[in-house]
Amino acid sequence: MWVSILKKLTRKNKAVTFELKMIQQSAIQVRHLSVNFIGKNTFEAIKDISFSVARGSTTVLLGQSGSGKSVTSLALMGLLPPQARVSGSVQLDDNQQNLLELPPTQWQHIRGKDISMIFQEPMSALNPVKTCGDQLIESIRTHQRITYSAARRLAVEWFRKVRLPDPEVLLKRYPHQLSGGQKQRVMIAMALCNHPTLLIADEPTTALDVTVQQEIILLIKELQQEFHTAVLFITHDRRLALKIADKILVLKNGRLVDDSIAIKEWKTEEKNQEEESEILLKAENLKVYYSGATALFGKNKQVTKAVDELSFELYRGETLGLVGASGCGKSTLSQAILGLRPITSGNLYFKGSRMNDFSSRQWRENRKHIQMVFQDPYSALNPRISIGSALTEPLKVHGIAYGAAAEKKVLQLLDQVQLSKESFHKYPHEFSGGQRQRICIARALAVDPELIICDESVAALDVHTQEQILDLLKDLQKDKNLSYLFITHDLNLVKAISDRVMVMWQGKIVESGNVYEVMHHPRQSYTKDLLAATL
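Residues numbered from 1 in each chain as written. Predicted model: local features only at pLDDT ≥ 70, side-chain atom pairs only at ≥ 80, totals over all residues. Heavy atoms only, no water.

Draft legend 1. Seen up close, the sheet that holds strand E9 (residues 255–257). Pairing within the open sheet is mixed, and its six strands lie in the order E5-E6-E7-E3-E8-E9. Every other strand in the sheet has two partners, leaving strand E5 (115–118) and E9 as the edge strands with one partner each. Neighbouring strand axes in the sheet, compared pairwise and without regard to direction, differ in orientation by 25 degrees on average. One ladder, built from five bridges, connects strand E3 (residues 58–62) with strand E7 (residues 230–235); its direction is parallel. (Pairing = 2+ DSSP bridges. Helix = DSSP H or I, 4+ residues; strand = E, 2+ residues; numbered from the N terminus. Axes fitted to C-alpha atoms, helices over the stretch in contact; angles between N-to-C directions.)

Draft legend 2. Summary view of a negative patch on the surface. Negative charge collects at one region of the surface, where Glu 467, Asp 471, Asp 475 and Asp 479 lie side by side. Position of Asp 471 among the secondary structure elements: in helix H19 (residues 463–480). (Patch = residues over 30% accessible without salt bridge, like charges linked within 9 Å, V, L, I, M, F, W, Y side chains within 5 Å. Areas by Shrake-Rupley, 256 points an atom, 1.4 Å probe, with all protein chains shown as cover. Salt bridge = Lys/Arg side-chain N within 4 Å of Asp/Glu carboxyl O. Lys, Arg positive; Asp, Glu negative; His and termini not counted. Charge placed at Lys NZ, Arg CZ, Asp CG, Glu CD.)

Draft legend 3. Representation of the packing of aromatic side chains in the model. Counted under the stated rule, the structure contains three aromatic pairs. Taking the centre distance of 5.4 Å and the plane angle of 70 degrees together, the rings of Phe 358 and Trp 363 count as edge-to-face. The same class applies to Phe 358 as to Trp 363, namely buried. Lying over the aromatic face of Trp 158, Lys 161 brings its terminal NZ or CZ to 5.6 Å of the ring centre. (Phe/Tyr/Trp six-rings, centres within 6.5 Å; stacked < 30°, edge-to-face > 60°. Buried < 20%, exposed > 50% of the residue type's maximum accessible area, 1.4 Å probe, protein only. Lys NZ or Arg CZ within 6 Å of the ring centre and 35° of its normal.)

Draft legend 4. Looking closely at the environment of Ala 442. Looking at where Ala 442 falls in the secondary structure, it is placed in helix H18 (residues 433–445). The exposure class of Ala 442 is buried, given its relative accessible area of 0%. The sequence separation of Ala 442 and Leu 414 amounts to 28 residues, and the corresponding C-alpha distance is 6.5 Å. Residue contacts for Ala 442: discarding those within four places in its chain leaves Leu 391, Leu 413 and Val 417. (Contact = heavy atoms within 4.5 Å.)

Draft legend 5. Spotlight on the packing of helix H6 (residues 132–143) against helix H9 (residues 180–192). Two elements in contact, H6 and H9, have axes whose closest approach is 9 Å; the angle formed by their N-to-C orientations is 15 degrees. With respect to each other, H6 and H9 are oriented roughly parallel. As H6 packs across H9, the resulting crossing turns out to be right-handed. Between H6 and H9, the contacting residues are Cys 132, Gln 135, Leu 136 and Ser 139 on the first element and Val 186, Ala 189 and Met 190 on the second. Among the residues forming the contact of H6 with H9, the class breakdown is five nonpolar, two polar and no charged. (Parallel < 35°, antiparallel > 145°, perpendicular 65-115°, else oblique. Left-handed = near helix turned anticlockwise from the far one by under 90°. Nonpolar A, V, L, I, M, F, W, Y, C, P; charged D, E, K, R; others polar.)

Draft legend 6. Expanded view of the packing of H18 against H19. Where H18 contacts H19, the axes come no closer than 10 Å and their chain directions differ by 20 degrees. The angle between the axes of H18 and H19 places the two elements in the roughly parallel class. Remark: the crossing between H18 and H19 carries right-handed chirality. Mapping the contact onto sequence places Gly 434, Gln 437, Arg 438, Ile 441 and Leu 445 in H18 and Thr 465, Gln 468, Ile 469, Leu 472, Leu 473, Leu 476 and Lys 480 in H19.

Draft legend 7. Layout of the pairing of E3. Of all five residues in E3, five are buried; the element is thus mostly enclosed. The alternating pattern of E3 places Thr 58, Val 60 and Leu 62 and Thr 59 and Leu 61 on opposite faces, both of which are buried. In this structure, E3 lies alongside strand E8 (residues 247–252), joined through four bridges in parallel fashion. Looking at the pairing, Thr 59 lines up with Lys 247 of E8.

Draft legend 8. Summary view of the environment of Tyr 427. Checked against the element boundaries, Tyr 427 lands in the loop between helix H17 (403–416) and H18. Through-space distance from the C-alpha of Tyr 427 to that of Arg 384 is 7.4 Å; in sequence the pair is 43 residues apart. If we ignore the near neighbours within four places in the chain, the residues touching Tyr 427 are Pro 383, Arg 384, Ile 385, Ser 386 and Ile 387.

Draft legend 9. Focus on the side chain of Lys 183. Here Lys 183 lies in helix H9. Taking the relative accessible area as the measure of exposure, Lys 183 reaches 9% and is therefore buried. In contact with Lys 183, not counting residues within four places along its chain, are Pro 122, Met 123, Leu 126, Pro 175 and Leu 178.

Draft legend 10. Focus on the pattern of salt bridges. Evaluated as defined, the whole model comprises 17 salt bridges. Lys 282 is paired through a salt bridge with Glu 313; the nearest N and O atoms lie 4.0 Å apart. Taken as a pair, Lys 282 in strand E10 (residues 279–291) and Glu 313 in strand E11 (residues 303–315) lie far apart in primary sequence, 31 residues in all. Looking at Glu 313, the relative accessible area reads 26%, which means it is partly exposed. For Asp 448, the salt bridge identified is with Lys 409, shortest N-O distance 3.5 Å. With Asp 448 in the loop between H18 and strand E16 (451–455) and Lys 409 in helix H17, the pair connects residues that are 39 residues apart, well separated along the chain.

Written out as structure tokens, the structure is:
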């Protein structure tokens, strides 16, 4: 009877069909949720928000720090502090019970079984005095009536499912004995082991490097599809949101805002970026070793590992920062990229071509595409020749232009780096440090390169001139779609120009990621020391 009534209603009103479909598919429905914190100054953290998350889908809650994202997740988990006052309703699946009205004792049956959560920082979410295995087994036995041995078997199975190596071994280890990515995998196993209806992932990849981030995202997606779990993914990362979301909710100052136009623009922008995304430079397990003093019969006593098993990718149109103290191997890497240092082992590719075995002729041709701006512009310029001659030289060497055509090209280059045409006849000593660096940039641009390596290229300049040169590099990048490998010891400079950053120490990359994460959430003590020294 009810079916026939509903069919009649849906014929009359299509909106009813949509509403019924939403109710049938929703794993959770949030209506008019508000959260106030009572105190000397009452604070309204969440202001009348409503949304639903469908089964098997990913809804992203996107917002800046302080927008109310984490407060929303804690409200859905029943974990708000006593001073919080909550109103509205939260209904799970087809249950008409308002979860916000449940007493703490009933929440214990919901939390971890029907709704579970992956927290941002696994180290603080895991118990440091219990093994990872014991914590997972406890999660399983809390909601499943099975024996300890059966729960242990399930725990091993879940460790395999989240792709942890040697599950039997890791079961006995404590959180501090695991890497950040491994700890987050343990958290994912604990969150999903009871097949929850809703999984809340609160910034689960923020503290991880880019490679591990990608692995964790793919893992969550695979397990979501396997168990048809609804996911509420909380993040401040717009690019990540666009990649993983079926639906995006934008939270601002505790309110959901209608940013449908902005989201549409973001998606178009992201699509264009993906289409244009091309790996320009790639290193695979790159090693550059120096032989030291030799012992009897010519055997090396000492080997300096200047670049030691280094891997990275640099994309067309991006700026990749490389930061580290003096002697860490930064300049050696740049010399290897330019073919000025022999590679001990590993692979180096430019636009898909393996550079290891390039002939002298191939290297000469390749240097048209990869140029360098050095640290000291005065040393980089020949004091005996005019600026015009210095800029004309690479045009002649590479057969690009001669005579009047070369002079015209040089005048265009001077204009691009904001120097007057009178500079053509002047000599290096007649310019300031910032002007000389502009000349070096013009010389690098002369052969229309695709990649420019900036090796401490603003280190010798004052702060004001540094800003001018960085602005110039950004403008040129935008106009010519250039890629930069920006080498420096100063994280503040990296922050000003780079899209991503790698931190190098003793020939190795010890930390990498987007600039914001490395600057605000450093994981390695060496990175923290660099930040402390520069901020």
